[in-house]
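Residues per chain, in single letters:
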Amino acid sequence: ALFYPVLMRLEMMMENLALVEMLDAAQSSSLVDVYATLMPGTKRENKQGKLKVIHANNETLLRSYTSKNPIICHYYDSPQEAVPLWALIEVITLGHFARFLEQLDDKTLNAIASRWGMRRSDGELVPHLIYAITSLRNCVAHNGVVFDTRFATAKVRKEVPALLATRIGFPPSTALDFKSITDYFVLVVYLACCLGFPKREVKALIKQFRELSESLREKVPMSVFDTIVHTGSRPKLLHLEQWIQSR
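Reference entry: report on the structure contained in this document.

Thresholds, definitions, all that
- Residues numbered from 1 in each chain as written.
- Predicted model: local features only at pLDDT ≥ 70, side-chain atom pairs only at ≥ 80, totals over all residues.
- Heavy atoms only, no water.
- Helix = DSSP H or I, 4+ residues; strand = E, 2+ residues; numbered from the N terminus.
- Rg over C-alpha atoms; globule rule 2.2 N^0.38 Å.
- Buried < 20%, exposed > 50% of the residue type's maximum accessible area, 1.4 Å probe, protein only.
- Contact = heavy atoms within 4.5 Å.
- Areas by Shrake-Rupley, 256 points an atom, 1.4 Å probe, with all protein chains shown as cover.
- Axes fitted to C-alpha atoms, helices over the stretch in contact; angles between N-to-C directions.
- Parallel < 35°, antiparallel > 145°, perpendicular 65-115°, else oblique.
- Left-handed = near helix turned anticlockwise from the far one by under 90°.
- Nonpolar A, V, L, I, M, F, W, Y, C, P; charged D, E, K, R; others polar.
- Phe/Tyr/Trp six-rings, centres within 6.5 Å; stacked < 30°, edge-to-face > 60°.
- Lys NZ or Arg CZ within 6 Å of the ring centre and 35° of its normal.
- 1 Å grid on protein atoms, 1.4 Å probe; cavity = no way out; pocket = protein on both sides within 12 Å on 5 of 7 lines; lining within 4 Å.
- Points joined across faces, edges and corners; volume = space filled by probe spheres on them.

## As for the overall build of the protein chain
Next, step 1: Counting secondary structure elements, the protein chain contains 13 helices and 0 strands.
Next, step 2: Secondary structure elements of the protein chain, listed N to C terminal, follow the sequence α-α-α-α-α-α-α-α-α-α-α-α-α.
Next, step 3: In terms of overall dimensions, the protein chain is globule-like: its C-alpha atoms have a radius of gyration of 20 Å, near the 18 Å expected for 247 residues.
Next, step 4: Once the C-alpha set of the protein chain is aligned to its principal axes, its extents read approximately 65 × 35 × 35 Å.
Next, step 5: Taking all 247 residues of the protein chain together, 48% fall into the buried category.
Next, step 6: Here the contacts in the protein chain between residues at least 6 apart in sequence split such that 68% fall between residues at least 24 apart.
Next, step 7: Carbon and sulfur atoms make up 54% of the accessible area of the protein chain, which totals about 12600 Å².

See the structure below:
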């Protein structure tokens, strides 16, 4: 209940804002133009990586057409129209979206970072921020258990906690390692702030997270609580609040 509405809203905003920048950079909504203009084939796995993403896109569009998705069917059944970028974004998963962004040129990634309220120089981390929340988002969407981070199926790239530590101002004693739900919560709050969530909403979110943590603390032995939430949760939340207040 805590994470679901925030993550769904983040997903929608990140995709829509990235879409705006991609359309502007390509000066076209055509997938062929986007691939040719924005994907240099020099990123992860070079040209092979680019072709893998294009192939995955085509497979997704085929599945969507086969399952009679009305948006995709409209374009494939209209000979004079090609499937636009925005239609693809409608049907791909969040993880697939991250792989798509990973193939974009630096200029476009920097523009997306800026549109998200981040520093342009952090553009390279745009896809990795999405990767970092994908497992949490999928778990929450399917009513899975999140408090012990069993949802984490992939290691978060080390530059992500380094970014959060630098931007928020965490001291070395409260380093993030994404082994506790608190660290994922910090990332969610960071993205919410960058994307312009009202300060009062973010503060209310932190208050709710703290109350849930304290409720758990009262219900289980301290050794169990420290294993789940970890001992650094309180100072992390304190630094997070101070950062928000200073924005």
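Moving on, there is more to tell.
## Some remarks on the packing of helix H1 (residues 4-26) against helix H7 (residues 106-115)
In a packed pair of helices, the relevant descriptors are the angle between the two axes and the axis-to-axis distance.
Next, step 1: For the pair H1 and H7, the least separation of the axes is 9 Å and the interaxial angle reads 140°. The orientation of H1 with respect to H7, classified from their angle, is oblique. At the point where H1 passes H7, the crossing takes the right-handed sense. Where H1 abuts H7, its residues Leu17, Ala18, Val20, Glu21, Met22 and Ala25 lie against Thr108, Ala111, Ile112 and Arg115.
Next, step 2: Class assignment for the residues of the contact of H1 with H7 results in 7 nonpolar, 1 polar and 2 charged.

## Regarding unusual backbone geometry
Next, step 1: Of note in the backbone geometry, Asn46 takes a positive phi value of approximately 55° without being a glycine.
Next, step 2: Among the structural elements, Asn46 can be located in helix H3 (residues 46-66).
Next, step 3: Under the relative-accessibility criterion, Asn46 is labelled partly exposed at 45%.
Next, step 4: Positive phi values are uncommon outside glycine, yet Lys68 reaches one of about 65°.
Next, step 5: Taking the relative accessible area as the measure of exposure, Lys68 reaches 66% and is therefore exposed.

## Describing the packing of aromatic side chains
Next, step 1: With the rule as written, the count across this model stands at 7 aromatic pairs.
Next, step 2: Both rings, one in Phe3 and one in Phe185, keep their centres 6.1 Å apart while their planes meet at 80°; by these two values the pair is edge-to-face. In this pair, Phe3 is assigned in the segment before H1 and Phe185 in helix H10 (residues 181-194), connecting sequence segments 182 residues apart.
Next, step 3: For Phe3, a relative accessible area of 8% puts it in the buried group.
Next, step 4: Within the aromatic cluster, the residues linked to one another by ring pairs are Phe3, Phe185 and Phe209.
Next, step 5: Over the ring of Phe197 we find Arg9, and its NZ or CZ is 3.9 Å from the ring centre.

## Details of the layout of surface pockets
Next, step 1: Approximately 440 Å³ is the volume attributed to the largest pocket.
Next, step 2: Surrounding the largest pocket, 16 residues form its lining, Leu2, Phe3, Val146, Phe147 and Leu212 being those nearest its centre.
Next, step 3: Its residues assigned to classes, the lining of the largest pocket comprises 13 nonpolar, 3 polar and no charged.
Next, step 4: There is about 180 Å³ of room inside the second largest pocket.
Next, step 5: In terms of lining, the second largest pocket is formed by His128, Tyr131, Ala132, Thr134, Ser135, Ala152, Thr153, Ala154, Lys155, Val156, Arg157 and Tyr184.

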